[in-house]
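Structural features, examined
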Amino acid sequence: MFVRLASLATLLACAPIVAPLALERSQLDVCARLTNDAERLACFDRLVPRPTPAADPSQQLEQANSVMVPSAPLTSSPLGDRWAIGLTSGETLFDIRPHKPTYLLPLRYTDSVNQAPRSPTQSVADFGDALDASEAKFQISFKFKLADMTDSIGASLWAAYTQQSQWQLYNDEISRPFRETNYEPELMLAWHPDTSFGGWRWRLFSIGLVHQSNGRADPLSRSWNRLYAQFGVERGNFMVLVRPWYRFKEDAAEDNNPDITDFLGYGDLVLAWRTGNHVLSSTARLNANTGKGSIAATWGFPLFRRVNGYVQVFSGYGESMIDYNHYQNTIGVGFSLADWL
């Protein structure tokens, strides 16, 4: 390992005088962001192949000057890293990877506390004025590949899990309870077209089943099941995810939130952009018929090692399942361990 890293360091040190390399900074950044050591080194090796060792230092420099960038396209990219594109199933099977952002917001403030959650089929759960406007919020999200079916249907099978919690951390009068926790398991089939058009690169098409619920009893129970398609394209350090969905209808007597699509719509749009060591992202939902939806914006910035500072702003409906039909504006400040990019 040390010998390989030393060889790589030698090549990078010589880069200013090695004209044929002409490496783009964005390609190096893509490799540097890989969290798996073996994948990161393999990414650099694909970008800058090592020359055959020579005993004479002058011969080593001559060999370095003769190195050319391989003609094969670099498989690593923002979406490539998250979906293990270009890697064999032996390298990626059950390898845990980021899905949605993972973060902790020790302080999250809302301008409208949902003291009386309600829905058309549930009675009102009135908390009076017991809930605080300030609380903590966190999310954990990951996915892993279950099976590689590239040879049969050209796709891979993935499972994902996301959990988001709102915690009344500063409310000692009611024993600091978790106000809301949402559970979101998913099962996905993913294809990777890797098609370029107009400077964009189409790297992901997936079909997924997702269940989301808060695991609570009536009258606070909320849940829904969806089938979705997802399209992911990228251009350098800019990524776009488009995800339309269809909600499976439930029996009217058992549906805790029959009007949820009026507020959360029929899909979402994610935009993410990395500039230097900062990541800016936005997630939007809209039901064109009702005019209701939401928009969230985040800013991730470096702190130390893999921990980033994180600012999250939300406006609209559906920040959580219990708030699916409650309008509010919130802001949270904290830390992230994994972002969209």
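These numbers come from a predicted model, not from an experiment. (Residues numbered from 1 in each chain as written. Predicted model: local features only at pLDDT ≥ 70, side-chain atom pairs only at ≥ 80, totals over all residues. Heavy atoms only, no water.)

1. Quick look at the overall build of the protein
- A tally of helices and strands in the protein yields 8 helices and 14 strands.
- Every one of the 341 residues in the protein was classed for burial, and the buried ones make up 45%.
- Excluding contacts between residues fewer than 6 apart, the proportion of contacts in the protein whose partners are at least 24 apart in sequence is 59%.
- For the protein, the computed accessible surface area is about 16800 Å², with 60% contributed by carbon and sulfur atoms. (Helix = DSSP H or I, 4+ residues; strand = E, 2+ residues; numbered from the N terminus. Buried < 20%, exposed > 50% of the residue type's maximum accessible area, 1.4 Å probe, protein only. Contact = heavy atoms within 4.5 Å. Areas by Shrake-Rupley, 256 points an atom, 1.4 Å probe, with all protein chains shown as cover.)

2. Things to note about empty space enclosed by the protein
- Enumeration according to the criterion identifies 4 cavities of 30 Å³ or more in this entry.
- Size it by volume and the largest cavity reaches roughly 790 Å³.
- K100, Q139, T283, R285 and W340 are, among the 44 residues lining the largest cavity, the residues nearest its centre.
- In terms of residue class, the lining of the largest cavity is made up of 18 nonpolar, 15 polar and 11 charged. (1 Å grid on protein atoms, 1.4 Å probe; cavity = no way out; pocket = protein on both sides within 12 Å on 5 of 7 lines; lining within 4 Å. Points joined across faces, edges and corners; volume = space filled by probe spheres on them. Nonpolar A, V, L, I, M, F, W, Y, C, P; charged D, E, K, R; others polar.)

3. Describing the pairing of strand 10 (residues 267–275)
- Here 7 bridges tie strand 9 (residues 238–247) to strand 10, and the two strands are oriented antiparallel to one another. When the bridges of strand 10 are listed, L241 appears paired with V270.
- The pairing of strand 10 with strand 11 (residues 278–287) spans 7 bridges and is classified as antiparallel. Among the inter-strand pairings, R274 is bridged to a residue of strand 11, identified as V279.
- Between strand 10 and strand 11, which pair antiparallel one after the other, the connecting turn spans 2 residues, and G276 there sits at a positive phi close to 65 degrees. (Pairing = 2+ DSSP bridges.)

4. Some thoughts on the packing of aromatic side chains
- Scanning the entire structure with this criterion turns up 15 aromatic pairs.
- Ring geometry for F138 and F178: centres 6.2 Å apart, planes at 90 degrees, overall edge-to-face. Of the two residues, F138 is situated in strand 3 (residues 134–149) and F178 in strand 5 (residues 178–191); the sequence distance between them amounts to 40 residues.
- Accessibility expressed as a relative area gives 41% for F178, which makes it partly exposed.
- Measuring from centroid to centroid gives 4.5 Å for W299 and F301, while their planes differ by 40 degrees, and the two rings are tilted.
- Within the aromatic cluster, the residues linked to one another by ring pairs are F263, Y317, Y324 and Y327.
- The ring centre of W245 lies 4.6 Å from the NZ or CZ of R226, which sits over that ring.
- The lysine or arginine in question, R243, covers the ring of Y228, its NZ or CZ lying 5.1 Å from the ring centre. (Phe/Tyr/Trp six-rings, centres within 6.5 Å; stacked < 30°, edge-to-face > 60°. Lys NZ or Arg CZ within 6 Å of the ring centre and 35° of its normal.)

5. Re the nonpolar core
- Counting residues in hydrophobic clusters, the biggest one holds 27 residues, and the most contacted among them are W83, M239 and L241.
- Every element with two or more residues in this core is listed here: helix 5 (78–83), strand 4 (155–167), strand 5, strand 7 (200–213), strand 8 (223–235), strand 9, helix 8 (260–264) and strand 10.
- When sequence neighbours within four positions are dropped, the list of residues in contact with M239 reads L79, V233, E234, V270, L271, A272, W340 and L341. (Core = buried A, V, L, I, M, F, W, Y, C linked by side-chain atoms within 4.5 Å.)

6. Examining the pairing of strand 7
- The pairing of strand 5 with strand 7 spans 7 bridges and is antiparallel. Considered in strand 7, the bridge of Y183 is made with S213.
- Remark: 2 residues form the turn of the hairpin made by strand 6 (residues 195–197) and strand 7, two consecutive strands paired antiparallel; G198 in that turn has positive phi of roughly 55 degrees.
- Of the strand pairs in this sheet, strand 7 and strand 8 are connected by 12 bridges, and their pairing is antiparallel. Counterpart to V210 in the pairing with strand 8 is R226.

7. Structural notes on the pattern of salt bridges
- Summed over all chains, the structure comprises 16 salt bridges.
- Residue D323 is joined to R179 by a salt bridge in which the shortest nitrogen-to-oxygen separation is 3.2 Å. Residue D323 is located in the loop between strand 13 (307–317) and strand 14 (327–338), and its partner R179 is located in strand 5; the two are separated by 144 residues in the primary sequence. This pair shows no difference in class: D323 is buried, exactly as R179 is.
- Among the salt bridges present, the one from R203 reaches E234, with a minimum N-O distance of 4.0 Å. Within this pair, whereas R203 is found in strand 7, its partner E234 is found in strand 8, the two being separated by 31 residues in sequence.
- A relative accessible area of 1% means that R203 is categorised as buried. (Salt bridge = Lys/Arg side-chain N within 4 Å of Asp/Glu carboxyl O.)

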